[in-house]
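One letter stands for each residue in the lines below.
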Amino acid sequence: MNANTQVLELEVEGRQVDEAVLSLFHTLLFHRSTGKFHYKNDDTYAVGTIGFQDVDCDFIDFTYVRCSSEELDRSIRREVSGFCEAIRAPDAPPSGQVALEFYQRKRGRWPFASESIPWEVWTLRVNVVSLNNEHERQIWREKVGESLGERLLHITDTLNRHDYIPSPPNQAELDLIYDTAFRDVQPFLFKVNYSVAAPNNPSATTTIKRLIRDTLALT
Amino acid sequence: GSEWFNLGIEDIPDIQAETKKGLGGHLPDVGKPLVVEILLRTPESESLVLEIWTLTILDSCDTSPVRVNPTIYNRMTVLLKSLIAVTRITPAYKLSFRQGADSFIICYRVYLGDPNYDCLGENPVRARLGQVTTPESTMLLCVNYRTKITLNPPNRSPAHDAIMLKSDHFKPESSPRHCRRGGDRGADINEANQASDDSQDAARFFTASPPDQPSTPRSRTSSDSSCRGYVHQQPERKVSVAFVDAKPPRPDDFFMPEIPFSNLLTSAFEVPQEKKTEKHEGAATPHPAQDKTAQERIAGGAAGGHAHPDTGERIVMTASDGSHKSTTSAQLKDESDFVMVELKTPFAMPSDVGSDLGAFYRECQSAPPLRMFADTPEDEISDLAEQLLNFEASIDDYNELVKSFHSDSPNSPD
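The following paragraphs examine the structure supplied in this document. (Residues numbered from 1 in each chain as written. Chains lettered and ligands numbered in written order. Predicted model: local features only at pLDDT ≥ 70, side-chain atom pairs only at ≥ 80, totals over all residues. Heavy atoms only, no water.)

## Regarding helix α11 (residues 356-365) of chain B
All names here are of chain B.
Argument step 1. For α11, every residue scored as buried is listed here: G358, R362 and Q365. Axial view of α11: buried residues confined to an arc of 55°, hence all on one face. With respect to the buried face of α11, the exposed residues turned more than 90 degrees away are D356, F360 and E363. (Buried < 20%, exposed > 50% of the residue type's maximum accessible area, 1.4 Å probe, protein only. Helix = DSSP H or I, 4+ residues; strand = E, 2+ residues; numbered from the N terminus. Arc of directions from axis to C-beta.)

The structure is reproduced here in structure tokens:
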């Protein structure tokens, strides 16, 4: 099955990378999370309620909405900060990409391990610019705020249009579709990948590494 | 228990009641979308529509048939989440944090029917958030929001133009003193400001009408009566007219004042020269032989009335401006504009000019100007030019000096 892949381009200043990526990923997770399922029996379940809250960015004129789950927040921040450090390293190329992938697990028959099959992949291509003075930074604050607003409208349009979402599972298969590790929220299974090599020439070694890693994934 | 759509949205009873009222017992249907308008309202009861959100129902035959699906509820949930996310990116969201009773408030309106998108100004953003298809119909959620949020100035009809300036305010060559009498009366509002006498000039100054209003009283006639009539029509202007002097100020004085309160310098304290001048001289500073530039006079005037014996000239003494004069006096050009002000000693008996209090007060007023004020700014400026030339000439020396700092760095401890 082909995953729905979407690519969004962003041009930001170094300090804005973190917030820009988080704002879009949190928006996606907000849409792709539900409350915890509480099964009454194998087929019927009640769904908990999730809260949401506003987050005002410090370096961008932008406000986004995220789930009120501190655990989810910490988890996504950890993933995104790895990318930010990589792209802001002194010798790093000024562009990179980070992807949020929603996947399903398929239990593998012995001796094969289970596979992860992505059904929706959101890739952000980030170009980092460096600015010289405060005036330019102020302009970029507003400019990036507006471009994030446009990306958000694109995201909502896509999320509300695309057809495939994994169907609600029975209790035994919950873990194959949802991430049940969090106590207060239940997003679809997701992972974050990134690379700071030039996107046009992904290095062969990273691709092969990723292929092997995914195949040998044990959980 | 869980909430509708499993989202923790706070329900506000007032909004529920308003919405019920707006719906009038009906539900959105084909041709009757649900519309929510977000408006900005000023204390003057002016409204500006900022956002229009619409939930439109499309006929099911317009869309491809879809099986009944438990995911309809899930799709609605996703659409609701999109709505929440998008509300944070509109300009009105940021504006709503700045509302206050004395500036503006944000209001809303809910109704069924066709909205008017024209009231959103230039280049509004039109966005389609998404749709949910059911066997019956398809619901489409859209938002249109204003991008240019300009608050209008306080409510005035076109006749009450906000700008109360004469059109030749900054152009003395076209002021009435230069283009005199008998000019066309009806054709050009600018020239209709020509007065048959100066007093009318002053009144007209504050009641100029905009050029594109040919039907104002001014253009019809230029007589005194029109002026008065015009004033009557705009009662609030009377206040400004009342503050105008009987003797109108010269056009030069209404140039962009470089000196704060410079118009006070020509205020109508026209007191004829008095015997007071002798008294002032007596208390005058030991610099009577200063040059008679306006500047000196002002500096002295602030201190207290340098009245030179040969004056037919008048000196301004306005206490409030004392602090400004010494620095900006170089810009004052016209000596004859200065009027002497008789400042009586406060709290002293008027007739008792020889009293201690009076004498003390006058002594303080006539304190000598500081020696530093004797140096004009022009000298300093010309000095600066010379200094710069000197610096430029020895620029190589300075470069050497800076290089010598660099050469120390390898030896500095790390």
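## A word on the pattern of salt bridges
All names here are of chain A.
Argument step 1. Applying the stated rule across the entire model yields 17 salt bridges over all chains.
Argument step 2. Measuring nitrogen to oxygen at the nearest pair gives 3.7 Å for the salt bridge that ties R15 to E13.
Argument step 3. For R15, a relative accessible area of 34% translates into the label partly exposed.
Argument step 4. Ionic pairing is found between E120 and R32, a salt bridge with its closest N-O pair at 2.9 Å. Of this pair, E120 sits in strand β8 (residues 115-129) while R32 sits in the loop between α1 (17-31) and β2 (33-34), and the two are 88 residues apart along the sequence.
Argument step 5. Residue classification places E120 among the buried positions, given a relative accessible area of 0%.
Argument step 6. Residues joined by salt bridges that share partners form a network here, namely E13, R15, E134 and R137. (Salt bridge = Lys/Arg side-chain N within 4 Å of Asp/Glu carboxyl O.)

## Observations concerning the interface of chain B and chain A
Argument step 1. On the side of chain A, 24 residues touch chain B, which itself brings 26 residues to the contact.
Argument step 2. Counting each side, the surface lost to burial between chain B and chain A is near 2200 Å², with a carbon and sulfur contribution of 58%.
Argument step 3. Taken together, chain B and chain A are joined by two salt bridges.
Argument step 4. Here R88 of chain B and D54 of chain A are joined by a salt bridge, their closest N and O atoms 2.7 Å apart.
Argument step 5. If you look at where chain B meets chain A, you find twelve residue pairs in polar contact (both at pLDDT 80 or more).
Argument step 6. Elements with a minimum of two residues in the side of chain B that touches chain A: α2 (71-87), α3 (91-96) and β4 (125-133) of chain B.
Argument step 7. Class assignment of the residues belonging to the side of chain B that touches chain A gives a composition of 13 nonpolar, seven polar and six charged. (Contact = heavy atoms within 4.5 Å. Buried area = accessible area lost by both parts, 1.4 Å probe. Polar contact = N/O pair within 3.5 Å; in protein donor to acceptor, adjacent residues only side chain to side chain. Nonpolar A, V, L, I, M, F, W, Y, C, P; charged D, E, K, R; others polar.)

## Examining the sheet that holds β8 of chain A
Residue and element names in this part refer to chain A.
Argument step 1. Pairing within the open sheet is mixed, and its four strands lie in the order β1-β8-β7-β10. Of all strands in the sheet, those bounded by a partner on one side alone are β1 (4-13) and β10 (190-195). Between one strand axis and the next, the sheet turns through 20° on average, direction left out of account.
Argument step 2. As judged from the six bridges shared by strand β7 (residues 95-106) and β10, these two strands associate in the antiparallel manner. Looking at the pairing, F102 lines up with F190 of β10.
Argument step 3. Running at roughly 170° to β1, helix α3 (residues 134-159) makes contact with β1 and β8 of the sheet. (Pairing = 2+ DSSP bridges. Axes fitted to C-alpha atoms, helices over the stretch in contact; angles between N-to-C directions.)

## Quick word on the packing of aromatic side chains
Argument step 1. Counting across every chain of the model gives 14 aromatic pairs over all chains.
Argument step 2. Both rings, one in F30 of chain A and one in F52 of chain A, keep their centres 5.8 Å apart while their planes meet at 55°; by these two values the pair is tilted. Highlighted residues: F30 of chain A in helix α1 and F52 of chain A in strand β5 (residues 52-56), separated in sequence by 22 residues.
Argument step 3. Between Y93 of chain B and F97 of chain B, the ring centres sit 5.1 Å apart and the planes meet at 85°, which makes this aromatic pair edge-to-face.
Argument step 4. Among the aromatic side chains, those forming a connected cluster through ring pairs are F37, Y39, Y45, F102, W119, Y178 and F188 of chain A.
Argument step 5. Between the NZ or CZ atom of K191 of chain A and the centre of the ring of Y103 of chain A, over which it lies, the distance is 4.7 Å.
Argument step 6. Geometry around F30 of chain A places K81 of chain B over its ring, the cationic atom sitting 5.7 Å from the centre. (Phe/Tyr/Trp six-rings, centres within 6.5 Å; stacked < 30°, edge-to-face > 60°. Lys NZ or Arg CZ within 6 Å of the ring centre and 35° of its normal.)

Without other data, these values stay purely geometric and don't point to any function.
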